[in-house]
Amino acid sequence: MRGNIGQLMQQAQKMQENLQKAQEDLAKIEVTGNAGAGMVSVTITGRMECRKVRIDPSVMSDPEMAEDLIAAAFNDAVNKVNAESQSRMSSATAGMPIPPGMKLPGLF
């Protein structure tokens, strides 16, 4: 019985190290979301910090449409970061089951 607990503790420590590394790596990535067939693009980091916004000048003639496209591009970028985060965190846990509702520290 003692060996099993020791092994579980080692696995938990390794998983924590993997999660920390995955979080550090994720913070360094940049993801670009698009809307309006690429007329608007928003680039954000893995920490959800906006790095760049590109707007096709033709969009500016319709301010409401521009606002909608900017919001849609930002949401696209956020969804991409969330998908990448989930993928990296799943890899970091190496298949160890995380109880439902348990929040892993530092997830966005």
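Every chain begins its residue count from 1, and numbering advances along the sequence as written. This being a predicted model, a pLDDT of at least 70 is required before a residue's local features are given, and a value of 80 or more before pairs of side-chain atoms are given or counted; all residues contribute to the totals for chains, interfaces and linings. To obtain the side-chain values, all non-hydrogen atoms of the structure were included, while hydrogens and water were left out.

A.B. asks: Outline the side chain of Thr45, supporting the account with residue identities and numerical values.
C.D. replies: Relative to the helices and strands, Thr45 is located in strand E2 (residues 40-45). Accessibility here uses a 1.4 Å probe with only protein chains present; expressed as a share of the type maximum, an area under 20% marks a residue as buried, one over 50% as exposed, and anything in between as partly exposed. Of the residues examined, Thr45 reaches a relative accessible area of 3% and is grouped as buried. Whether two residues touch is decided by their heavy atoms; if any such pair falls within 4.5 Å, the residues are in contact. When sequence neighbours within four positions are dropped, the list of residues in contact with Thr45 reads Ala27, Ile29, Glu30, Arg51 and Val81. Every helix listed is a DSSP run of H or I at least four residues long, and every strand listed is a run of E at least two residues long, numbered separately from the N terminus.

A.B. asks: Describe in detail the environment of Ile29, supporting the description with residues and values.
C.D. replies: With respect to the element layout, Ile29 can be found in the loop between helix H1 (2-28) and strand E1 (30-35). Residue Ile29 is classed as buried on the basis of its relative accessible area of 16%. Taking C-alpha positions, Ile29 is 8.6 Å from Arg47, a pair spaced 18 residues apart along the chain. Ignoring any residue separated from it by four or fewer positions in sequence, one finds Ile29 in contact with Ile44, Thr45, Gly46, Glu84 and Arg88.

A.B. asks: How would you explain the UniProt feature "coiled-coil region" (unreviewed entry) in the protein chain if you had to name every residue and give the values?
C.D. replies: UniProt positions are given in the numbering used here, feature names are shortened, and annotations may be inferred rather than shown by experiment. Here the UniProt feature "coiled-coil region" (unreviewed entry) sits at residues 5-32. As annotated, residues 5-32 has a helix share of 86% and a strand share of 11%, and its two end C-alpha atoms lie 44 Å apart.

A.B. asks: Talk me through the pairing of strand E3 (residues 50-55); I want residue IDs and the actual numbers.
C.D. replies: Two strands pair under a simple rule: DSSP has to find at least two bridges between them. Examined bridge by bridge, E2 and E3 share 5 bridges and lie antiparallel to one another. Across the sheet, the residue bridging to Ile44 is Cys50, located in E3. Between E2 and E3, which pair antiparallel and follow one another directly, the connecting turn spans 4 residues, one of which, Met48, has a positive phi of 65°.

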